[in-house]
Amino acid sequence: MENQQFHTLLNAIENKEAVLGVVGLGYVGLPLAVEMVNQGFTVIGIDLDASKVDSIYNGDSYIHDISSDELKKVMQSGRFQPTTDYSMLRVIDALSICVPTPLSENQDPDTSYIETVVDQIKLHMKPGMLITLESTTYPGTTEELIEQELDKIGHEAGKDYFLCFSPERVDPSNGRFTTFNTPKVIGGTTEACLKLGTALYSKYVETVVPVSSPKVAEMSKLLENTFRSVNIAFVNEMAMMCDRMGIDIWEVIDAAATKPFGFMPFYPGPGIGGHCIPLDPMYLSWKAKGFRFYSKFIELAQSTNDNMPYYVLNKTSTILNEYAKSVRKSNILLLGMSYKPNIADLRESPGLEVYELFKESGANVNYYDPHAESFKDKHGVTVHSQAFNLEQFKTYDCIVLITNHSDLPYYDIAELGVPILDTRNAFRTYNHSHIYKIGHSVQHPVLEPSEAVLV
């Protein structure tokens, strides 16, 4: 049902007179806000982290996909106002919620960030507001945590306000797909909600894909990332199988990928990281249990991927044994720590788990990453990246490549002669006997007489 508030907001959207809001100025929210401003809208960004707000005002970007120069131009436009003040909701016509949805220690969904935003919406919502949840979550969240909560205080979706779900599809450091040209799925709680949501997103996203309900939109996001999780787990298992059988998994994948139909290459690694793949399938698995449905694929994939850091530890131990050494008291350098190449993002990086496993095994472990300067270990202690120093790197007993950054000097590192475990096939063009990789059995090194150990 379309009322006067619907037509007023639709007209404001079409004329780019609507004031837009983004809650959560992180990897999803900040690029979204910048795109909104670039397309001519006035935007209010809300984040409780005052340091982020200060950085934005100073034109200092903390997000890889938004340069500081681009951020400065956005601020100079006068149409972007970052703040920590939720009362600004009173002047926002259309709000996008982009807050984190982590897992609890028990691997259950933690929706506390969404609930906090909803509490503030209850206090400050402008009548006729369009609310769109973008945070990845389980099917039913939009209705259960937003619609039902606003119903309790007398606000009816599609009449007093408008409600949609549109899952974020951010891929940090992807130079091809951005906020603008990545198709956007959206579902509304009513027909009027969907019309407004589609009209709004069409103003700053090239392709909008309407679906019949928020649940379908929520489920589509979980299907996308569960698909990736299951296929990564499958190829990780194949890597461990090939290791046992003495077959090179990387060569196998390259051969299979020549088939022009019916095959999509996935690649093994030290584990899975980022804000989506390690978390999203567990949201779906948790929700499914409420319907007495138990997803064996999700649980098995999660278990397989979670086991990869242990496989890296065991593989390193096997390599060190070839040099008559053990992990305990060995000096080990982890090369790269972020969860994917060429960014500083450490969220859920498997390298963090690998680091802890080596420490627990008694190794002296450091890391070098040209992008990620530091992280906090499980005890809260800040661990800093080593400075780049090839002479220092030569003193390590083993180097384990975690992240295949494009700016790492692979030739120089290969020439050090230090045993290397390559978890990403980054050293594939180097045929040195001291370079090993996951998914392929360890070949006994040829020791020089001076290196031989007498027993």
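Residues numbered from 1 in each chain as written. Predicted model: local features only at pLDDT ≥ 70, side-chain atom pairs only at ≥ 80, totals over all residues. Heavy atoms only, no water.

- In the annotation of an unreviewed UniProt entry, the entry for the protein chain reads Nucleotide sugar dehydrogenase, and the organism field reads Paenibacillus amylolyticus.
- The protein chain has a UniProt comment under Sequence similarities (unreviewed entry) that states "Belongs to the UDP-glucose/GDP-mannose dehydrogenase family." (UniProt positions renumbered as here; feature names shortened; annotations may be inferred.)

1. Looking at the domain arrangement of the protein chain
- Domain annotation for the protein chain reports domain 1 (4-212) and domain 2 (213-454).
- Computed over C-alpha atoms only, the centres of domain 1 and domain 2 are separated by 34 Å.
- Each partner contributes to the interface: domain 1 provides 33 residues, whereas domain 2 provides 29 residues.
- Between domain 1 and domain 2, a total of about 2,600 Å² is buried, with carbon and sulfur atoms accounting for 62% of that surface.
- Connecting domain 1 to domain 2 are 4 salt bridges.
- Lysine 287 is the partner of glutamate 144 in a salt bridge, and the nearest nitrogen-oxygen pair spans 3.0 Å.
- Summed over the shared surface of domain 1 and domain 2, the result is 13 residue pairs in polar contact (both at pLDDT 80 or more).
- Secondary-structure elements contributing two or more residues to the side of domain 1 that touches domain 2 are α6 (141-151) and β7 (184-188). (Domains from an automatic or database assignment. Contact = heavy atoms within 4.5 Å. Buried area = accessible area lost by both parts, 1.4 Å probe. Salt bridge = Lys/Arg side-chain N within 4 Å of Asp/Glu carboxyl O. Polar contact = N/O pair within 3.5 Å; in protein donor to acceptor, adjacent residues only side chain to side chain. Helix = DSSP H or I, 4+ residues; strand = E, 2+ residues; numbered from the N terminus.)

2. Overview of the environment of glycine 158
- By the element assignment, glycine 158 lies in the loop between α6 and β6 (162-165).
- The sequence separation of glycine 158 and glycine 188 amounts to 30 residues, and the corresponding C-alpha distance is 9.0 Å.

3. Here we look at the pairing of strand β4 (residues 94-97)
- Residues Ala94 and Ser96 point to one face of β4 and Leu95 and Ile97 to the other, with burial holding for every one of them.
- In terms of strand pairing, strand β1 (residues 19-23) meets β4 through 4 bridges, oriented parallel. Residue glycine 21 lies in a different strand from β4, and its bridge partner there is leucine 95.
- Where β4 meets strand β5 (residues 130-133), 4 bridges bridge the pair, whose relative direction is parallel. Following the sheet pairing, leucine 95 is matched in β5 by isoleucine 131.
- Crossover handedness for the path β4 to helix α5 (residues 112-124) to β5: right-handed. (Buried < 20%, exposed > 50% of the residue type's maximum accessible area, 1.4 Å probe, protein only. Pairing = 2+ DSSP bridges. Right-handed = clockwise from strand over helix to strand, strands pointing away.)

4. Re the packing of aromatic side chains
- Inspection of every chain in the model, using the stated rule, returns 15 aromatic pairs.
- With centroids separated by 5.0 Å and ring planes inclined at 55 degrees, the aromatic side chains of tyrosine 138 and tryptophan 286 adopt a geometry described as tilted. Highlighted residues: tyrosine 138 in the loop between β5 and α6 and tryptophan 286 in helix α10 (residues 280-289), separated in sequence by 148 residues.
- Classification of tryptophan 286 as partly exposed rests on a relative accessible area of 35%.
- Ring plane angle 10 degrees and centroid distance 6.3 Å describe the contact between tryptophan 250 and tyrosine 267, whose orientation is recorded as stacked. You can see tryptophan 250 sitting in helix α9 (residues 249-256) and its partner tyrosine 267 sitting in the loop between α9 and α10, a full 17 residues away along the chain.
- An aromatic cluster of three or more residues is present, and its members are Tyr410, Tyr411, Phe427 and Tyr430.
- The aromatic ring of tyrosine 27 is capped on one face by arginine 347, whose charged end is 3.8 Å from the ring centroid. (Phe/Tyr/Trp six-rings, centres within 6.5 Å; stacked < 30°, edge-to-face > 60°. Lys NZ or Arg CZ within 6 Å of the ring centre and 35° of its normal.)

5. A few points about the pattern of salt bridges
- In the structure shown here, the tally under the stated rule is 18 salt bridges.
- Taking the shortest distance from any N to any O, the salt bridge between aspartate 243 and lysine 315 comes out at 2.7 Å. Linking aspartate 243 in helix α8 (residues 214-245) with lysine 315 in helix α11 (residues 296-322), this pair joins segments that are 72 residues apart in sequence.
- For lysine 315, a relative accessible area of 5% translates into the label buried.
- Each of Glu2, Glu191 and Lys195 takes part in salt bridges that share partners, so that together they form one network.

6. Notes on unusual backbone geometry
- Unusually for a residue other than glycine, alanine 324 sits at a positive phi of about 60 degrees.
- Topologically, alanine 324 is positioned in the loop between α11 and β9 (331-335).
- In this structure alanine 324 comes out as exposed when scored by relative accessible area, which is 52%.
- Of note in this structure, asparagine 425 is not a glycine but carries a positive phi near 60 degrees.

7. Section: the side chain of aspartate 93
- With respect to the helices and strands, the residue aspartate 93 is situated in the loop between β3 (80-83) and β4.
- By relative accessible area, which is 14% here, aspartate 93 ends up buried.
- Side-chain polar atoms of aspartate 93 contact the backbone nitrogen of valine 19, separated by 2.7 Å.

8. Focus on the sheet that holds β1
- Overall, mixed pairing links the 8 strands, which are arranged β3-β2-β1-β4-β5-β6-β7-β8 in an open sheet. Either end of the sheet is taken by a strand with one partner, and the two such strands are β3 and β8 (208-211). Along the sheet, successive strands turn relative to each other by an average axial angle of 25 degrees, direction set aside. (Axes fitted to C-alpha atoms, helices over the stretch in contact; angles between N-to-C directions.)

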